[in-house]
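So the chains spell out like this:
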Amino acid sequence: MEYFLTEDQLEMKEIARRIAEEKMRPVSEKYDEEAHFPWDIVEVMRQADLFAILIPEEYDGISGKVVDLAIVTEELCAVDVGIALAFGVTGLGMYPILIGGSEEQKRKYLPQIASGERLAAFALTEANAGSDAGAIETTARRDGDHYVINGTKQWISNGGEAEIYTVFAMTDRAKGARGASCFIVEKDTPGFSFGKKENKMGIRANSTRELIFEDCRIPAENIIGREGTGFITAMKVFDKSRPMVGAQAVGVARGAFETAIRYSQQRQQFGKPISSFQAVQFMLADMATQIEAARALVMQTAGWWMPGSRAMPRNPPCVNTMPRMWR
Ligand SMILES: Cc1cc2nc3c(=O)[nH]c(=O)nc-3n(C[C@H](O)[C@H](O)[C@H](O)COP(=O)(O)OP(=O)(O)OC[C@H]3O[C@@H](n4cnc5c(N)ncnc54)[C@H](O)[C@@H]3O)c2cc1C
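Only a predicted model underlies this, so the values are computations on that prediction, with no experimental measurement involved.

J.: Can you tell me about the overall build of the protein, naming the residues and giving the values?
T.: Along the protein, the regular secondary structure elements total 8 helices and 10 strands. Here the protein has a C-alpha radius of gyration of 21 Å; the compact-globule value for 327 residues is 20 Å, and the two agree. Taking the principal axes of its C-alpha atoms as reference, the protein extends roughly 80 × 45 × 35 Å. Per-residue burial for the protein yields a buried fraction of 40% across its 327 residues. Contacts in the protein between residues far apart in sequence, at least 24 positions, make up 74% of those at least 6 positions apart.

Here's what the structure looks like:
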């Protein structure tokens, strides 16, 4: 099913599919085995203007629509989710700026991301703050025209490779989640370094790494929004970025399904390809049904963010459940 895609969307889908098939597939296994960050594929994505799809037109992008990102994400992830993450995580790291940044911050950083000149990363998780994102312990202390950041983030995708990091830190620990703020930290800032790189079971073509902040001084103007709005920014980012996680899962499932189809048509038993046996066909049909149902849910959710969409709730999902004072 094509979900009534526009001509532009069909074109984006085709570009992503060709990059995935022609450029990613030949190196997929090697990059995964060697945990090699795919800079050459990032270059191909840059040249194809793929990063511009992350960003709205007013900041030199070509879309910024969640549904477009879902379409591209599925195509890339059908071949290799690890390589695809260089693109997807740049979107995740960019969202705090797009959602909560000042006009000046948007004009400075979003065009750099749209052109693919700089990758981004999103740094929330810490050793003691995973699902419980409000428990972060990294601090940011105001000191004149600067903030001084101290603490360690872990499991940060694009870690060490991205140049723009959106980092969550406590400006007032006594306030709990309401004391969290979000900051833009650039890669070469003194006091900012990279620690352990995780040796993962999968998606190894993306670096998942510790970020270490030791008296890292950043200009006060790098705060995103006001002090204390970091947690709500993070939740708004998740509202917009979670459909992409769904699209990643649909892509991975589709990739596995296509592999199963190919194998079942090639593997012969009892003098026939195993795809000719009804029991195998039932399994393939069940897989196809579940993937299509998952895709429908992803597209419906991604469509919430389309202007004028009938499916769009008055407030995005997380905002409905937030205390009124934060809305
Ligand atoms: C490959 C990879 C890349 C990542 N990239 C990033 C990144 O770029 N930026 C970033 O900030 N973070 C990143 N993360 C971290 C990720 O967001 C966290 O792993 C996630 O938030 C879960 O935290 P945790 O792993 O500490 O699990 P925990 O929070 O310790 O959870 C452990 C288990 O307990 C369950 N659980 C927790 N709380 C509850 C509850 N209230 N009720 C029921 N069950 C519960 C969880 O579902 C889970 O099964 C990455 C993680 C991975 C694995």
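Resuming the write-up.
J.: Got a sec to walk through the pairing of strand β4 (residues 164–170)? Specific residues and values, please.
T.: Counting buried positions along β4 gives 7 out of 7 residues, so the element sits mostly inside the fold. Alternating positions in β4 separate into two faces, I164, T166, F168 and M170 on one and Y165, V167 and A169 on the other, with burial throughout. Of the pairings in the sheet, the one linking strand β1 (residues 120–123) to β4 comprises 4 bridges and is parallel in character. In the strand pairing of β4, A123 is matched with V167. Of the pairings in the sheet, the one linking β4 to strand β5 (residues 180–186) comprises 7 bridges and is antiparallel in character. The residue bridging M170 from the neighbouring strand is A180, located in β5.

J.: Before we move on, can you summarise helix α7 (residues 278–303) with the specific residues and values?
T.: The end-to-end C-alpha separation of α7 is 37 Å, in line with the 38 Å expected for 26 residues at 1.5 Å each. For α7, every residue scored as buried is listed here: R295, V298, M299 and A302.

Here is what the cut-offs are and how they apply
- Residues numbered from 1 in each chain as written.
- Predicted model: local features only at pLDDT ≥ 70, side-chain atom pairs only at ≥ 80, totals over all residues.
- Helix = DSSP H or I, 4+ residues; strand = E, 2+ residues; numbered from the N terminus.
- Rg over C-alpha atoms; globule rule 2.2 N^0.38 Å.
- Buried ≥ 20, exposed ≤ 12 C-beta atoms within 10 Å, placed from the backbone.
- Contact = placed C-beta atoms within 7 Å.
- Pairing = 2+ DSSP bridges.
- Expected span 1.5 Å × (residues − 1).

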